Amino acid sequence: MDEVQLAAYVARREALLDTIREVLVTDLRVPLPREQIDPDTPLFGTGLALDSIDAVDLIVAIERKTGVRMSDDAAGRLGLRTVNMAINYLLAAQGETP
Amino acid sequence: MTKPSQTEAPTSIPSQAEHHRALRTGVVLHRPNPALVWVRGEHAYEVVEALCPRDLFVRTGQLLHSMVLDERGGAEADLHVCPREDDFLLVADGLDDAGLARRLREAAPEGAEFELASVGETHGLLALAGPYAWELIGELLGPEMATIGYLSCLPMPELDLPRDPGEAPPWPPALCLRSGTTGEFGYELFVAREQVSALESRLAEVGARFDLVEVEGEVIDRAALENGFFCPRHRGVLGRSPIELQLQWRVAYDREYRGAQALRERAEDGEARRLTWVIGALDEPAPALGPLTREGRAIGELLDGFVSPLLGCFVGIAVIDRALAHPWIDGLFAADGRELRTEAAPLLQNRSLFVDPRRHTYAHRQEDEFVPIVPGGGPGGGPGQEENGNERA
């Protein structure tokens, strides 16, 4: 990845990070300011402590904002462990891989 | 039950890699040694609130996961707050009882009436972790305990000290804390030291059916690193702010507590770097800790890490310039020239996510199909390899 590609890649990640923070604060009413939701914050159990009902709302809201459908299988489940894992999932759905 | 020993020859004890694998595929016993302090009295809530940087929204039966900060707003210990009616048990990994008690006294509001009991002297923790830990706990304490939710805390009267009929219940009570920092099912059993040998015997009896092994704390700490959990024994993390460590969910900025003002100042100034997970190439040894560069420019510092027996590569934590602190960025070089790539934690697809107490058992684990533990089913992740050693896919 050269510097131009890197800058574009980081910009895509930052944009998705903003989108997911927006979903968490606005749609799921997570009681934290956006900037306090770090990229590697766990979403379920510990961290933001979302529950199974939140999971449905999160999937629907992410799909609405990004157009990417999060599957109801193991990949989708793993894609919701942290904010960064969700971004990885969305990037992979758009053809981006490590 | 196999116990580790410092005196046995290294070839006669199971390797740490085997213990790591047992943690990820079965169930292991370990003995955490955190500070254990019980807070009682009219102002117990206010005293705990003055130390805990997170809003104290927690009730009996639950655990609150937070941290202890130093005066400069840096990480000092991992903290679980366990309320019991009007009292609180505090479990602080990274401090001893005296250190935690001192911080509580220093943080307490003026005139607060409270008592501190260093219960670490009279009580200890035995802990179980692994994708089948729930099943062992169910056999040990009853099926209702197998399915208690993460961050719960329930009394275990059957593990209390014996008492005569009519005698008051013992204090503190034996407790089961459903916690853990490995990404697997985790239970910590808080029992009086007089009860430990009876519990050990029972664990040996029940544990035999689960091939239960006792593992060193280092195995647990390394698993925590793989799974993105804060651990005070990871090199280079103490003193760093929750902002750098990506632990801001554990703090509130609008309250007063130990280190709060310093933390607000650090937030205002902005932290230049952020904790990020990194991995090395397959089969490469661990790189040198210290400076990290990219394109010849200093971009961060590799703090800690190890070669994961399951992943087959180095996994580590680094603080990296925020502009580059994102997963999937390659071309990072350690001081010895070894190349690393950033990743998102957890680095594993923990089996505990997929083991279902209604359908699975340890005895039939070989017949069950699971998502590979290693993403993509790489080294150590395929069926059979987890149990059989370091064979490559």
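Because the structure is predicted, anything quoted here is derived from the model rather than measured.

Here we come to the overall build of chain A. The number of helices and strands found in chain A is four helices and zero strands. The order of helices and strands in chain A, counted from the N terminus, is α-α-α-α. Compactness check: chain A gives a C-alpha radius of gyration of 13 Å against a globular reference of 13 Å for 98 residues, within 12% of the reference. Based on the C-alpha atoms only, the size of chain A along its principal axes is roughly 40 × 30 × 25 Å. Within chain A, buried positions represent 48% of all 98 residues. Counted over contacts in chain A with a minimum sequence separation of 6, partners at least 24 positions apart contribute 53%. Of the accessible surface of chain A, which amounts to about 4,700 Å², a share of 54% is contributed by carbon and sulfur atoms.

Formed by 72 residues in total, the largest nonpolar core has its most connected members in A:Leu24, A:Leu48, A:Leu58, B:Leu292 and B:Ile320. Looking at this core, the elements that each hand over two or more residues are helix H1 (3–27), helix H2 (52–66) and helix H4 (83–93) of chain A together with strand S3 (64–69), helix H8 (260–269), strand S12 (273–279), strand S14 (297–307) and strand S15 (314–321) of chain B. The element contributing the most residues to this core is H1(A), with eight residues. Among all residues touching B:Leu292, those that are not within four sequence positions of it are B:Arg297, B:Ala298, B:Ile299, B:Gly300, B:Glu301, B:Leu302, B:Ala318, B:Ile320, B:Leu332, B:Phe333, B:Ala334 and B:Leu340.

Residue and element names in this part refer to chain B. Averaged over all residues, the pLDDT of chain B equals 91, while 92% of them reach at least 70. Confidence drops under a pLDDT of 50 for residues 3–13, and excluding neighbours within four residues, the segment shows nine contacts in the predicted structure. Low confidence marks residues 379–393, where pLDDT is under 50. Its contacts with residues over four positions away, or in another chain, come to 38 contacts. As scored by the predictor, the complex reaches a pTM of 0.92 and an ipTM of 0.95.

Moving on, we come to the interface of chain B and chain A. It is common to report an interface's size as the accessible area lost on association of the parts. Counting residues at the interface gives 37 residues for chain B, matched by 31 residues for chain A. Counting each side, the surface lost to burial between chain B and chain A is near 2,800 Å², with a carbon and sulfur contribution of 58%. Connecting chain B to chain A are one salt bridge. Among the ionic pairs, B:Arg294 bridges to A:Glu3, the shortest N-O distance being 2.9 Å. Where chain B touches chain A, the interface holds 13 residue pairs in polar contact (both at pLDDT 80 or more). It is S12(B) that provides the largest number of residues to the side of chain B that touches chain A, a total of three residues. Classifying every residue of the side of chain B that touches chain A gives 24 nonpolar, seven polar and six charged.

How each quantity is defined
Residues numbered from 1 in each chain as written. Chains lettered and ligands numbered in written order. Predicted model: local features only at pLDDT ≥ 70, side-chain atom pairs only at ≥ 80, totals over all residues. Heavy atoms only, no water. Helix = DSSP H or I, 4+ residues; strand = E, 2+ residues; numbered from the N terminus. Rg over C-alpha atoms; globule rule 2.2 N^0.38 Å. Buried < 20%, exposed > 50% of the residue type's maximum accessible area, 1.4 Å probe, protein only. Contact = heavy atoms within 4.5 Å. Areas by Shrake-Rupley, 256 points an atom, 1.4 Å probe, with all protein chains shown as cover. Core = buried A, V, L, I, M, F, W, Y, C linked by side-chain atoms within 4.5 Å. pLDDT = per-residue confidence, 0-100. Buried area = accessible area lost by both parts, 1.4 Å probe. Salt bridge = Lys/Arg side-chain N within 4 Å of Asp/Glu carboxyl O. Polar contact = N/O pair within 3.5 Å; in protein donor to acceptor, adjacent residues only side chain to side chain. Nonpolar A, V, L, I, M, F, W, Y, C, P; charged D, E, K, R; others polar.

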